[in-house]
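Structural overview
What follows is the residue order along each chain.
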Amino acid sequence: MLDAKIPSGNLDNKWTDYKGHCKLVNPANKRKLEVIVVGTGLAGASAAASLGELGYKVKVFCFQDSPRRAHSIAAQGGINAAKNYQNDGDSVFRLFYDTIKGGDYRAREANVHRLAEVSVNIIDQCVAQGVPFAREYGGLLSNRSFGGTQVQRTFYAAGQTGQQLLIGAYQALERQVALGNVTQYARHEMLEIVMVDGKARGIIARNLVSGQLERHFGHAVLLCSGGYGNVFYLSTNAMGSNVTAAWKAHKQGAYFANPCFTQIHPTCIPVSGDHQSKLTLMSESLRNDGRIWVPKKQGDNRKPNEIPEEERDYYLERRYPAFGNLVPRDVASRAAKERCDAGYGVGSSKQAVYLDYAAAIERYGRTEITKQGRDLASVSKEEIIALGKDVVKEKYGNLFDMYEKITGENPYEVPMRIYPAVHYTMGGLWVDYELMTTVKGLYALGEANFSDHGANRLGASALMQGLADGYFVIPYTIGNYLADEIYNKPISTEHEAFAAAEKAVADRLKTLINIKGNTSVETFHKRLGKIIWDKCGMARNEEGLKQAIADVQQLKKEFWSDVKIPGAIDEFNPELDKAGRVADFIELGELMCKDALNRNESCGGHFREESQTEDGEALRHDDQYMYVAAWEYAGDSNWNLHKEELKYEVIKPSQRNYK
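Conventions and cut-offs
Residues numbered from 1 in each chain as written. Predicted model: local features only at pLDDT ≥ 70, side-chain atom pairs only at ≥ 80, totals over all residues. Heavy atoms only, no water. Helix = DSSP H or I, 4+ residues; strand = E, 2+ residues; numbered from the N terminus. Rg over C-alpha atoms; globule rule 2.2 N^0.38 Å. Buried < 20%, exposed > 50% of the residue type's maximum accessible area, 1.4 Å probe, protein only. Contact = heavy atoms within 4.5 Å. Areas by Shrake-Rupley, 256 points an atom, 1.4 Å probe, with all protein chains shown as cover. Phe/Tyr/Trp six-rings, centres within 6.5 Å; stacked < 30°, edge-to-face > 60°. Pairing = 2+ DSSP bridges. Lys, Arg positive; Asp, Glu negative; His and termini not counted. Salt bridge = Lys/Arg side-chain N within 4 Å of Asp/Glu carboxyl O. Polar contact = N/O pair within 3.5 Å; in protein donor to acceptor, adjacent residues only side chain to side chain. Axes fitted to C-alpha atoms, helices over the stretch in contact; angles between N-to-C directions. Left-handed = near helix turned anticlockwise from the far one by under 90°. Nonpolar A, V, L, I, M, F, W, Y, C, P; charged D, E, K, R; others polar. Domains from an automatic or database assignment. Buried area = accessible area lost by both parts, 1.4 Å probe. Core = buried A, V, L, I, M, F, W, Y, C linked by side-chain atoms within 4.5 Å. Parallel < 35°, antiparallel > 145°, perpendicular 65-115°, else oblique.

A closer look at the overall build of the chain
Along the backbone of the chain there are 17 helices and 21 strands. At 25 Å, the chain has a C-alpha radius of gyration in line with the 26 Å of a compact globule built from 659 residues. With respect to the three principal axes, the spread of C-alpha positions in the chain is 80 × 55 × 50 Å. A total of 659 residues make up the chain; the buried ones form 59% of that total. Of all intrachain contacts in the chain linking residues separated by at least 6 positions in sequence, the fraction that spans at least 24 positions is 73%. By element, 48% of the accessible surface of the chain is carried by carbon and sulfur atoms, the whole surface being about 24,900 Å².

If you want it as structure tokens, here you go:
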């Protein structure tokens, strides 16, 4: 069994006790230690800024032209924190409980409780940085609801929370760059981990502008490179998002945990055709006020506003009365798929459901009239709706504008059409309580690790985890390792391990460029995405997964014999960059299917058709699968399974019930 290094003692005190007893590095010694950070999203930017502030010598890498282009900027709806500003019953324990339950009891208690504890500090940190969170009339920070909870704990900045939080972290990072504590490398992609005596001691990076390979030493390496949702080709992720950094670490000995745990977001703009290269997220915050429905009659082709109230099926409110439209993402996604598969879908594709704001607009309008001290009976419905639209615009305006630009439909007048799409990945590199992988000196933060969300992430928890890991966890836990490294002088990049790692990268690039096949990288990526979505997407079964594994293996053979990559190595060549990423996605796709095949139960985002209740809900098998599946790379198409047993000391696992 894997050792997660979970501190002993009472759950409430584990993190406090850990901080009180972990090893420290004094300020003079911090200046002697070098740390590499790969990725500049919320986890990477906050980690690099925090470690630079502490005095470490930090190098930070991103493949974008600026850290501000990291995909964290695309997050919309909010960030959770147990502040209980609403006085509605929230607490650290409630956030901890909701997260464990939302993850279908497949997360580690100690990590999740720590996350809930530090959530309150994140908000204070971000406010101090100037993040413009929405505020109530009196000036207090505003909160709204998100799926899987019955309290309002989500802080937000309209529909651009990720952007505002990233700007805050970016400013903190750039301050350290200006002070000389952090060196920044934009347009650089990490292509290999350098191992010396069993420890991560640096990376090989490719300058994406010149094509040159570079060697960089670090006493420790932090991977903050995000998730792997683009293995599906169509997802809400930025098109550049990839698994390469994590996958290179995996092939150097870092175990990959729960790769089949991927999240399908229920609130996305539906696919409109084969021409699309990505999908667009509509924030889950829209479910806060919007009502989701389909016609009660199969194949109903009437326009939504022509369908009377009594002929609409508000199926989430009907099936889950306690949570209604705010059930967790996995539950909402499967419910939408079930309705569409049963013939109740809407739109030209019939693969969509309605998200309707008419009731919310009218409700807000009535409230505005009341606030003005006017008699509702004397006000026209048109004025009520106009006032209501103004309120909705203030809360969600940029999301509504985005929807209209993409679809050409006015969501203030006509219900939005939405359908589930790939969004977040709960799987990732296995890490212990200190966020260290199974490779010494190699850490994974944020979405790149598996640790805090179990089989399903609650909405608004990704931003929380990324900033928690970077601002409040890694500054302590990395010191526990680096305290023993102060005697180790920096290793020259002329060391044979650096030379061997660079040669391996160069040889792989030469192999790719010399294939000179006939099929584009994009075509292979599309084919991979279709296999994984069809067989390892919203629903999985044994027959389909076995077929998917065979299909991916065949695709891999075709890729390495027929991929077409124009251009040369020693130049700006985005097609070559993409080819390397797709090659890694193909290998990951096979492991995802193996993991899904091995886990013969349904939990969270992993829905095995063979394992469901009579009414179609996910059916877990705690007696067989109460563990983290951590896969060790053992050669081409081979992996060894290691298990970390999940022990619940505070929460008693039970069948999830949102009814």
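Section: the packing of aromatic side chains
Taken as a whole and assessed by the stated rule, the structure comprises 25 aromatic pairs. Between Trp 15 and Tyr 433, the ring centres sit 6.1 Å apart and the planes meet at 70°, which makes this aromatic pair edge-to-face. Of this pair, Trp 15 sits in helix H1 (residues 14-21) while Tyr 433 is found in the loop between strand E16 (428-429) and strand E17 (442-444), placing the two residues 418 residues apart along the sequence. Note on Trp 15: relative accessible area 2%, which makes it buried. Among the residues examined, Tyr 433 registers a relative accessible area of 0% and is labelled buried.

Some words on the pairing of strand E21 (residues 639-645)
In this sheet, E21 lies alongside strand E20 (residues 627-633) in antiparallel orientation, the contact comprising seven bridges. Considered in E21, the bridge of Tyr 627 is made with Glu 645. The antiparallel hairpin formed by E20 and E21 contains five residues in its connecting segment, where Gly 635 sits at a positive phi of about 105°.

A short note on the pairing of E20
Most of E20 sits inside the fold, with five of its seven residues counted as buried. Pairing of strand E10 (residues 256-257) with E20 involves two bridges; the strand directions are antiparallel. Looking at E20, one finds that Phe 256 is bridged to Trp 631.

What about the side chain of Glu 434?
Assignment of secondary structure puts Glu 434 in the loop between E16 and E17. Buried and unpaired, Glu 434 has no salt bridge, with Lys 5 as the nearest side chain of opposite charge at 4.0 Å. A polar contact is formed between the side chain of Glu 434 and the side chain of Tyr 18, at a distance of 2.6 Å. A polar contact is formed between the side chain of Glu 434 and the side chain of Asn 480, at a distance of 2.6 Å. Not counting the four nearest positions on each side in its chain, Glu 434 is found in contact with Lys 5, Tyr 18, Tyr 443, Ile 474, Thr 477 and Asn 480.

Structural notes on the environment of Ala 245
You can see Ala 245 is positioned in helix H7 (residues 244-251). Judged by its relative accessible area of 7%, Ala 245 falls in the buried class. For the pair Ala 245 and Met 190, spaced 55 residues apart in sequence, the C-alpha separation works out to 6.0 Å. Leaving out residues up to four positions away in the same chain, Ala 245 has contacts with Val 38, Met 190, Leu 223 and Ser 225.

Some thoughts on the packing of helix H3 (residues 42-54) against helix H6 (residues 161-179)
Taken N-terminus to C-terminus, the directions of H3 and H6 make an angle of 35°; their axes are 8 Å apart at the nearest point. Where H3 crosses over H6, the two elements pack in a sense that is left-handed. On the side of H3, the interface is formed by Leu 42, Ala 45, Ser 46, Ala 48, Ala 49, Gly 52 and Glu 53, while H6 contributes Leu 165, Leu 166, Ala 169, Ala 172, Leu 173, Arg 175 and Gln 176. Counted by class, the contact of H3 with H6 contains nine nonpolar, three polar and two charged residues.

As for the sheet that holds strand E6 (residues 188-196)
Read from one edge to the other, the open sheet built from three strands follows the order E6-E7-E8, with strand pairing classed as antiparallel. Two strands lie at the open edges of the sheet, namely E6 and strand E8 (213-217), each paired on one side alone. This sheet shows a mean twist of 30° between the axes of neighbouring strands, independent of strand direction. Lying on the sheet, helix H13 (residues 496-513) is in contact with E6, strand E7 (199-207) and E8; it crosses E8 at an angle near 150°.

Comments concerning the domain arrangement of the chain
Taken domain by domain, the chain holds domain 1 (266-422) and domain 2 (496-645). The centre of domain 1, based on its C-alpha atoms, is set 35 Å off from the matching centre of domain 2. Each partner contributes to the roughly 790 Å² buried at the junction of domain 1 and domain 2, and carbon and sulfur atoms together form 57% of this total. Three residues stand out in domain 1 for area buried against domain 2, namely Asp 330, Arg 334 and Lys 337, and they jointly supply 50% of the buried area on that side. At the junction of domain 1 and domain 2, the tally comes to one salt bridge. Across the salt bridge formed by Glu 617 and Arg 319, the nearest N and O atoms sit 3.3 Å from each other.

Details of the sheet that holds E20
The strand order across the open sheet built from four strands is E16-E10-E20-E21, with neighbouring strands paired in antiparallel fashion. Every interior strand has two partners, whereas the edge strands, E16 and E21, have only one. Sheet contacts for H7: E10, E16, E20 and E21; angle to E20, the most-contacted strand, approximately 75°. Packing of helix H16 (residues 574-598) onto the sheet brings it into contact with E10, E20 and E21, and relative to E20 it is tilted by some 140°.

Things to note about the nonpolar core
Side chains of a nonpolar character, in soluble globular proteins, are inclined to be buried together. Grouped together as the largest cluster of nonpolar side chains are 155 residues, with contacts concentrated most on Ile 79, Leu 222, Leu 223, Tyr 443, Ile 478 and Ile 532. Setting aside residues up to four positions removed in sequence, Leu 223 forms contacts with Val 38, Met 190, Ile 193, Ala 245, Ala 246, Ala 249, Leu 429, Leu 442, Tyr 443, Ala 444, Leu 445 and Ala 448. One finds Ile 292, Phe 323, Tyr 344 and Ile 418 within the second-largest nonpolar core, a separate group that totals 33 residues.

Quick word on the packing of helix H14 (residues 521-536) against helix H15 (residues 542-562)
Each packed pair of helices is defined by two parameters, the angle between the axes and the distance between the axes. Relative to each other, H14 and H15 sit at 175°, their axes nearing to 9 Å. On the basis of the axis angle, H14 is roughly antiparallel to H15. On H15, the residues that touch Phe 524, Arg 527, Leu 528, Ile 531, Ile 532, Lys 535 and Cys 536 of H14 are Gly 544, Leu 545, Gln 547, Ala 548, Asp 551, Val 552, Leu 555, Glu 558, Phe 559 and Asp 562. Of the residues belonging to the contact of H14 with H15, the class tally is 10 nonpolar, two polar and five charged.

Considerations on helix H4 (residues 92-102)
Of the residues making up H4, those classed as buried are Leu 95, Phe 96, Asp 98, Thr 99, Ile 100, Lys 101 and Gly 102. Packing partners of the buried residues in H4 comprise strand E3 (79-80), helix H5 (109-129) and helix H12 (462-482). At the exit of H4 stands Asp 104, carrying a positive phi of roughly 60°.

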